[in-house]
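Each chain, written out:
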Amino acid sequence: MSTMAVPDIAVAPVDEGFWTRTRKIGGVLLALGVLAAVIFGALATDQQARFTLSETEGGAALEIHGTVGAILFGVIAAAAGAALLAGVPKRWFTVLLGVGLVAFVLSFLCWQVSAAPEGRNFMPLVNMVRGTFILALPLIFGALAGVLCERSGVVNVAIEGQLLMGAFSGALFGSLSGSVWVGLVAAAIGGAFISLLLAVFAIRYLVDQVVMGIVLNLLAVGITGFLYERLMQTNAEKYNSAPRFSNWEIPLLRDIPVLGPALFRSNIFLYLGLLLVLVIHIALFRTRWGLRTRAVGEHPTAADTLGVKVLGLRYRNVLLAGVVAGIGGASYTLALYSFTKNMIGGKGFIALAALIFGRWSPTGALLAALFFGFADQLGTYLGAIGSSIPSQFLAMLPYLATMLAVAGLVGKVRAPAADGKPYIKG
């Protein structure tokens, strides 16, 4: 059996001088920490900032004086930045960056929670964690669909359409059959239908993949919108009343503080999403299929020379991506809401941003999706406590972080070399 290795692209070393990437990030983090300690510390109040370990105000809680907490965590963020600025070994980069960013967020929260009106100066951690995962779910499925496509060399801008078609198919066929499982299968087929069109036009007819993805998104909006008005809007009881998956509780794990109620008393979509991240990560980096997929996405000519059927593998992976995204769409209509026109609302494009932010890795995409989900949930929470921070400002933070990632300020970001490039067998 022939062996195959994914070729590395040689990059000439660049002399960055004193201001290496690590030192630049350290300088930014140092400035953020100082600003947090000074500004957040001055704006915080003498009230206790309470972070409850439950879903309500009662029960056990972590408490810290608002002003002290804002200053303390700001100083910790600044110290982490100073360590990076001093030029610590690379193995400490991720740890210090993580500590600094978390400390900055905690400093901000100490200000916001302590400054909230009496009776609302608490943050229920269970609700925050649960809300983060719920809001991140479609992003996780969508980003995984992007990983499967783009690791194979096909740009998947059609994630939005795949999610939308999955949500619509799940609602329609779940309503007609009265079965959540029929709805789930229909959602997977709906997402695969959009993927099939993408595969045929991008792989067989060599249509520009980005343009094709946009066209498919518009097609999905048009089809689902038309059928919604003709069927669901006129007879919602028959066509838009799909049953919902109930929550599944996992014994023992459900009793873990904070994480237990948030993660292990949930529906099938959360468990399936986390399982898919693990399975796809292992398959992509530890199996023959994963090696061939990465080879096709990096150097399809070399893969073809070694006997890999490039076009066939791309077809299969793009269809599999549609199945994954379709199931992600069903997480709306078979767990949370009834179907409405264009209900995905741009989540597919956010999933695409999470894919880039996560560096085309399943685990990276998961963390990026959770980051987006946390920003969404934080905006909801701050609105509930009457924060003076505009929710629109918080909503733009994940996009700003993505732009910084793409610009290379948080590490080199490189798509698979053959991503978006049609392969013509010689």
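Located above this text is the structure these notes cover.
Predicted model, so just to flag it, every value in this text is computed and none were measured. (Residues numbered from 1 in each chain as written. Predicted model: local features only at pLDDT ≥ 70, side-chain atom pairs only at ≥ 80, totals over all residues. Heavy atoms only, no water.)

A word on the overall build of the protein chain. Of regular secondary structure, the protein chain possesses 16 helices and five strands. Scaling as 2.2 N^0.38, a compact globule of 426 residues should have a C-alpha radius of gyration of about 22 Å, and the protein chain matches this with 23 Å. Each principal axis of the C-alpha atoms in the protein chain carries an extent, and together these give about 70 × 65 × 40 Å. Within the span of the protein chain, comprising 426 residues, buried residues form 50% of the whole. Look at the contacts in the protein chain between residues 6 or more apart in sequence, and 76% of them connect residues 24 or more apart. Surface summary for the protein chain: the accessible area is close to 19,900 Å², and the carbon and sulfur share equals 68%. Of the side-chain charges in the protein chain, 29 are positive and 19 negative, and the distance between the mean point of each set is 10 Å. (Helix = DSSP H or I, 4+ residues; strand = E, 2+ residues; numbered from the N terminus. Rg over C-alpha atoms; globule rule 2.2 N^0.38 Å. Buried < 20%, exposed > 50% of the residue type's maximum accessible area, 1.4 Å probe, protein only. Contact = heavy atoms within 4.5 Å. Areas by Shrake-Rupley, 256 points an atom, 1.4 Å probe, with all protein chains shown as cover. Lys, Arg positive; Asp, Glu negative; His and termini not counted. Charge placed at Lys NZ, Arg CZ, Asp CG, Glu CD.)

This part takes up the environment of Ala186. Residue placement: Ala186 occurs in helix α6 (residues 180–204). Relative accessible area serves as the criterion here: at 12%, Ala186 is assigned to the buried category. Spatially, the C-alpha atoms of Ala186 and Val323 are 9.7 Å apart, while their sequence positions differ by 137 residues. Beyond its immediate stretch of four places on either side in the chain, Ala186 contacts Ser169 and Phe173.

Moving on: helix α11 (residues 288–298). Within the sequence span of α11, burial applies to Gly290, Thr293, Arg294, Ala295, Val296, Gly297 and Glu298. Considering only its buried residues, α11 is in contact with α10 (268–286), α12 (300–305) and α13 (310–333).

Our focus in this paragraph is the nonpolar core. Soluble, globular proteins show a tendency: their nonpolar side chains are buried together. Ranked by internal contacts, the top residues of the largest apolar core, which has 98 residues, are Phe108, Met123, Met232, Phe269, Phe339, Leu378 and Tyr381. In terms of residue count, helix α4 (residues 125–150) provides more of this core than any other element does, 15 residues in total. Setting aside chain neighbours within four positions, we find Phe339 in contact with Leu164, Ala167, Phe168, Ala171, Thr224, Tyr228, Met232, Asn240 and Thr333. (Core = buried A, V, L, I, M, F, W, Y, C linked by side-chain atoms within 4.5 Å.)

Attention now goes to the pattern of salt bridges. All told, the structure shown has seven salt bridges when counted by the stated rule. Put simply, Lys341 and Glu229 hold a salt bridge, and the shortest N to O gap is 2.8 Å. Highlighted residues: Lys341 in the loop between α13 and α14 (347–357) and Glu229 in helix α7 (residues 209–232), separated in sequence by 112 residues. Glu229 sits in the partly exposed class, given a relative accessible area of 32%. (Salt bridge = Lys/Arg side-chain N within 4 Å of Asp/Glu carboxyl O.)

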